[in-house]
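Per-entry structural report
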Amino acid sequence: MYFSSKIKEERQKHNMSQQQLGEKLNISRQSISKWERGESYPSIELLIKLSDIFDITLDELVKEDNSLKEKLIKDSQKLVYPRWKLFLIFF
């Protein structure tokens, strides 16, 4: 749950409401709220944007949260493994 508290802390440190952060990321305030409650996680693209907005590293956002790390690993595997399946089907 490190990520949820880190996002809220950084948002408040930068004097932003959930609405304002959502507008910067082109997402809803409800998405920010879900992140802060630990109900969901952002995509890697949004993590990069968050690190830019808050001027912190991706490590600071991701490394301490095992659930988020696992999600990112699973998401990246979904991108890689379908290519192998296609390769194996044709050969």
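Before going into details, it helps to say that this report is about the structure given with it. Numbers given to residues run from 1 along each chain, matching the order in which its sequence is written. Two thresholds apply to this predicted model, a pLDDT of at least 70 for residue-level local features and 80 or more for giving and counting side-chain atom pairs, whereas whole-chain, interface and lining totals are computed over all residues. Derived side-chain values reflect all non-hydrogen atoms in the structure, with water molecules and hydrogen atoms excluded from consideration.

Put simply, a salt bridge is a Lys or Arg side-chain nitrogen that is within 4 Å of an Asp or Glu carboxyl oxygen. Scanning the entire structure with this criterion turns up five salt bridges. Of the charged contacts, one joins E10 and K6 as a salt bridge, the two residues approaching to 3.2 Å between their closest N and O atoms. Of the two residues, E10 and K6 both sit in helix 1 (residues 2–13), four residues apart, roughly one turn of that helix. Remark: exposure states derive from per-residue accessible area (1.4 Å probe, protein chains only) relative to the maximum for the residue type, with buried under 20%, exposed over 50%, and partly exposed in between. Using a relative accessible area of 1% as the deciding quantity, one classes E10 as buried. According to the relative accessible area criterion, K6 is buried, its value standing at 10%. One salt bridge connects E36 with R11, and the closest N-O pair in it is separated by 2.5 Å. Of this pair, E36 sits in helix 3 (residues 29–36) while R11 sits in helix 1, placing them 25 residues apart in sequence. A residue is classified by how much of its surface remains accessible, and R11, at 8% relative accessible area, is buried. Connected via shared salt-bridge partners are K6, E9, E10 and K13. Put simply, DSSP H or I for four residues or longer makes a helix, DSSP E for two residues or longer makes a strand, and each gets a number counted from the N terminus.

Next up on the list: the nonpolar core. As a rule of thumb, soluble globular proteins bury nonpolar side chains together. Grouped together as the largest cluster of nonpolar side chains are 16 residues, with contacts concentrated most on F3, L47, L50 and L61. Taken together, the elements giving at least two residues each to this core come down to helix 1, helix 2 (18–25), helix 3, helix 4 (44–54), helix 5 (58–62) and helix 6 (66–90). The element that contributes the greatest number of residues to this core is helix 4, accounting for four residues. In contact with F3, not counting residues within four places along its chain, are W35, Y41, P42, L47, L50, L61, D65 and L68. Throughout, nonpolar core names a set of buried Ala, Val, Leu, Ile, Met, Phe, Trp, Tyr and Cys residues whose side chains join them through atoms within 4.5 Å. Note on contacts: a residue pair is in contact if any heavy atoms of the two residues lie within 4.5 Å.

Our next topic: the packing of aromatic side chains. Working definition: rings of Phe, Tyr and Trp (its six-membered ring) pair if their centres are within 6.5 Å, and the pair is stacked with planes under 30 degrees apart, edge-to-face with planes over 60 apart, and tilted otherwise. Scanning all chains against the criterion turns up two aromatic pairs. Look at F3 and W35: their rings are 6.4 Å apart centre to centre, the planes differ by 65 degrees, and that puts the pair in the edge-to-face class. With a gap of 32 residues between them, F3 in helix 1 and W35 in helix 3 connect regions that are remote in the sequence. Residue classification places F3 among the buried positions, given a relative accessible area of 0%. You can call W35 buried: its relative accessible area is 4%. Through a chain of ring-to-ring contacts, three or more aromatic side chains come together here, namely F3, W35 and Y41.

That's the geometry; what it means functionally is another story.
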